[in-house]
Amino acid sequence: MGNPSSSGRGDRPPPRGRGPARSPSASPLLKEKDGRAFTVVAGAAVTQASSAIPSIALYTAFLRTVLGGHGFRSTAEQAVDLWDQLEGRTPLLLDEAGRIRLDGWELDDRVQGQVRELWADPERGLEAARAGADWFMGQVRELYGWGVEGVDYGRPAETDVAWPAPR
């Protein structure tokens, strides 16, 4: 390991995606095809990563509590929103840096104000957000194949299955 730098990263390169934005005209293929490239900023999502990052579960539980089941946009809904923008069915929602924004539902001042109120006292906030926390944990269980409706987890399963022979 090299000498530690002031950033504490040693001689590791900077994290990906943190450098200056690259101009779409820098790509010969994009230029040739008259194409464009975008960065997309999506809203909160329940993923394997978000379940492991400290505080994200609590934030997402608070967010779900504030928005309820109809205001929280799933990753599938956000993907549809993105596709609609890319296909021109809805206008591109670009910020000042030219990024497509899919997180307006989450960053609304009213929504963030209510999340901040819950966050100010996390213990009290979690009591108020119990349904959101239960929802988050249910989503995580489903990511790993648990808690899926219609699956009998008590049913015996064959575990001694022969490995297919190479052809």
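Just above sits the structure.
Residues numbered from 1 in each chain as written. Predicted model: local features only at pLDDT ≥ 70, side-chain atom pairs only at ≥ 80, totals over all residues. Heavy atoms only, no water.

Student: When you look at helix 4 (residues 75-87) in this model, what are you seeing that I'm missing?
Tutor: Note that an α-helix has 3.6 residues per turn; residues three or four places apart therefore point the same way. Given a rise of 1.5 Å per residue, 13 residues ought to cover 18 Å, and the 18 Å separating the end C-alpha atoms of helix 4 matches this to within 8%. Within the span of helix 4, buried status applies to Q78, D84 and Q85. The arc enclosing the buried residues of helix 4, seen along the axis, measures out at 120°, which places them on a common side. Where helix 4 is buried, its residues contact strand 2 (100-101) and helix 5 (104-107). One or two residues past the end of helix 4 sits G88, with phi positive at roughly 85°. (Helix = DSSP H or I, 4+ residues; strand = E, 2+ residues; numbered from the N terminus. Expected span 1.5 Å × (residues − 1). Buried < 20%, exposed > 50% of the residue type's maximum accessible area, 1.4 Å probe, protein only. Arc of directions from axis to C-beta. Contact = heavy atoms within 4.5 Å.)

Student: Would you explain the packing of helix 3 (residues 56-71) against helix 8 (residues 130-143) in this entry?
Tutor: Helices that pack against each other are described as a pair by the angle of their axes relative to one another and the distance between those axes. Put simply, helix 3 and helix 8 touch, their axes get as near as 7 Å, and they point 120° apart. In terms of orientation, helix 3 lies oblique with respect to helix 8. In the crossing of helix 3 with helix 8, the sense of the turn from one axis to the other is right-handed. On helix 8, the residues that touch A57, T60, A61, R64 and T65 of helix 3 are G132, A133, W135 and F136. Grouping the constituent residues of the contact of helix 3 with helix 8 by class yields 5 nonpolar, 3 polar and 1 charged. (Axes fitted to C-alpha atoms, helices over the stretch in contact; angles between N-to-C directions. Parallel < 35°, antiparallel > 145°, perpendicular 65-115°, else oblique. Left-handed = near helix turned anticlockwise from the far one by under 90°. Nonpolar A, V, L, I, M, F, W, Y, C, P; charged D, E, K, R; others polar.)

Student: Which parts of the structure should I look at to understand the nonpolar core?
Tutor: Nonpolar side chains in soluble globular proteins tend to end up buried together. L63, L67, F72, V111 and V115 are the most contacted members of the largest nonpolar core, which totals 16 residues. If you list the elements that add at least two residues to this core, you get helix 3, helix 6 (109-120) and helix 8. Considering each element in turn, this core owes the most residues, 5 residues, to helix 3. If near-sequence neighbours (up to four positions away) are discounted, V115 is found in contact with Y59, F62, L63 and V66. (Core = buried A, V, L, I, M, F, W, Y, C linked by side-chain atoms within 4.5 Å.)

Student: Help me out: how do you make sense of a nonpolar patch on the surface in this one?
Tutor: A surface patch of nonpolar side chains, amounting to about 570 Å² of accessible area, comprises L143, Y144, W146, V148, V151 and Y153. Checked against the element boundaries, L143 lands in helix 8. (Patch = residues over 30% accessible without salt bridge, like charges linked within 9 Å, V, L, I, M, F, W, Y side chains within 5 Å. Areas by Shrake-Rupley, 256 points an atom, 1.4 Å probe, with all protein chains shown as cover. Salt bridge = Lys/Arg side-chain N within 4 Å of Asp/Glu carboxyl O.)

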